[in-house]
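Chain by chain, the residues:
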Amino acid sequence: MSMATSPHTLLQNRTTHRNPFPLTSQRASFKPASIKCATQVQSQPPPLTTQSQDRVFNFAAGPAILPENVLLRAQSELYNWRGSGMSVMEMSHRGKEFLSIIQKAESDLRSLLQIPPEYSVLFLQGGATTQFAAVPLNLCTPNDAVDYVVTGSWGDKAFKEAQKYCKPKVIWSGKSEKYTKIPSFHDLEQNPESGYLHICANETIHGVEFKDYPVPMNKNGVLVADMSSNFCSKPVDVSKFGVIYAGAQKNVGPSGVTIVIIRKDLVGKAQDVTPVMLDYKIHDENNSLYNTPPCYGIYMCGLVFEDLLEQGGLVEVEKKNKKKAEILYNAIDGSNGFYKSPVEKYVRSLMNVPFTLEKSELEAEFIKEAAKEKMIQLKGHRSVGGMRASIYNAMPLAGVEKLVAFMKDFQTRHA
Ligand SMILES: Cc1ncc(COP(=O)(O)O)c(C=O)c1O
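Residues numbered from 1 in each chain as written. Predicted model: local features only at pLDDT ≥ 70, side-chain atom pairs only at ≥ 80, totals over all residues.

Under an unreviewed UniProt entry, the name given to the chain is Phosphoserine aminotransferase, and the source organism is Clitoria ternatea. Check the Pathway (unreviewed entry) section of the UniProt entry for the chain; it says "Amino-acid biosynthesis; L-serine biosynthesis; L-serine from 3-phospho-D-glycerate: step 2/3." (UniProt positions renumbered as here; feature names shortened; annotations may be inferred.)

Below is the structure:
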């Protein structure tokens, strides 16, 4: 099967006219003679299309595909950011250039998610896993009860980490049904004395996504959500949450940046033992610049936020994501059982689509053949097996269409 549409030709036009800093303008200040380098310096910059021909449709769960125009923009700015004479990687995090980058990233994220002013936005490190500890350390005392709804492996990990810092209780778990469901919110027995209610908004491994959110019935009215794998994939009413946290490396940037959105009245209550790097107050007071932040990652997130705004914001982004997911789930459901989605229809993730083959012995062949067609990282998580297609914001429709065409062709040949 040949690649019907390159994901990259689709984006080139957009890139070319949107990139305000073409490589050629940077090269004007480029002095090859002053650089001592074993390899010869090219007299002409490589055309922006060179890499594109070689790129694949990457269905990885994270680190994951990034928008091609963002990568090309970063490439064009890598050597000399906007005439500053240096790369973002070389800048002082306290210099005016980087301050403008982080402030714009925050302001664009606020616009995208319409984050109310009574919420702080923090750009942190340590991944979402660090937040599994930071959340209980900041929001409760060691003796406080807190509620966890566990709809997959990540929620389970968050619960286990919280056991070290407070008294969490799993008030609902989908484990016995292999994490294929989300409970009815009426069935949740929330503890009114609990410090917070924790959910994982999208379980990356099991492909289970909350389509709506439970109202927290606890003493502070605090709902906490791990949104790592569906962050900025659709509009979210931030005011329903006390804390939202997300690792960037699925939808909004490279690994190394973790974003925390927190209601301001919840800041400043950290347990005494809380390490300084996990204390939201320290980061809030210092505008995420208490220590050296992941500068380049924040810059990349900023480019992604700009791109999402240019696409028309999260309402438009969600429409595209729904369309991609619909095509893929329809192909699975319409395969007469050749492919199967284990997840209950009403909570199927728009971002991570796990599926199995009726003839499981064909799974390795499926993955091998797909890789030959430049569709990679389709193997399911090692804990669940099968296949998983992660179709984050940056996955073009053409990528999903190509996967679906391949699935149909594979079925015809192997049914
Ligand atoms: C939903 C969810 N939460 C938490 C994590 C852990 O993130 P990190 O590796 O950034 O610590 C992941 C990673 O895939 C995830 O998908």
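1. Some thoughts on the overall build of the chain
Looking only at helices and strands, one finds eleven helices and 14 strands in the chain. Within the span of the chain, comprising 415 residues, buried residues form 44% of the whole. In the chain, 71% of the contacts between residues at least 6 apart in sequence involve partners at least 24 apart. (Helix = DSSP H or I, 4+ residues; strand = E, 2+ residues; numbered from the N terminus. Buried ≥ 20, exposed ≤ 12 C-beta atoms within 10 Å, placed from the backbone. Contact = placed C-beta atoms within 7 Å.)

2. A short note on the site of the ligand
Residues in contact with the ligand, as listed here, are Gly62, Gly127, Ala128, Thr129, Trp154, Cys200, Thr204, Asp226, Ser228, Ser229 and Gly247. Looking at which element gives the most residues to the shell around the ligand, the answer is helix H5 (residues 127-139), with three residues. Classifying every residue of the shell around the ligand by side-chain character gives three nonpolar, seven polar and one charged. (Near = placed C-beta within 6 Å. Nonpolar A, V, L, I, M, F, W, Y, C, P; charged D, E, K, R; others polar.)

3. A few points about the sheet that holds strand S14 (residues 387-390)
Reading across the sheet, the three strands line up as S11-S12-S14 and stay open at both edges, with antiparallel pairing between neighbours. The sheet is open, and its two edges are formed by strand S11 (339-340) and S14, each paired on a single side. With four bridges joining them, strand S12 (residues 352-357) and S14 adopt antiparallel strand pairing. Opposite Phe355, over in S14, you have Met387 as the bridge partner. Against the sheet, helix H9 (residues 314-333) makes contact with S11, S12 and S14, and its axis sits at roughly 15° relative to S12, the strand it touches most. (Pairing = 2+ DSSP bridges. Axes fitted to C-alpha atoms, helices over the stretch in contact; angles between N-to-C directions.)

4. Observations concerning the sheet that holds strand S2 (residues 119-124)
Overall, mixed pairing links the seven strands, which are arranged S2-S10-S9-S8-S5-S3-S4 in an open sheet. In this open sheet, the two strands that pair with only one neighbour each are S2 and strand S4 (167-173). Here the average twist between neighbouring strands, direction ignored, is 20°. Two elements, strand S9 (residues 243-247) and strand S10 (residues 258-263), share five bridges in a ladder whose sense is antiparallel. Residue pairing across strands places Val243 opposite Ile262, the latter belonging to S10. Of the strands in this sheet, strand S3 (145-150), S4, strand S5 (197-200) and strand S8 (223-226) are in contact with helix H6 (residues 153-162), which crosses S3 at around 160°.

5. Comments concerning the pairing of S12
Across the six residues of S12, five count as buried, placing the element largely inside the fold. As defined by bridge partners, S11 adjoins S12 across two bridges and the pair is classed as antiparallel. Across the sheet, Lys340 pairs through a bridge with Thr356, a residue of S12.

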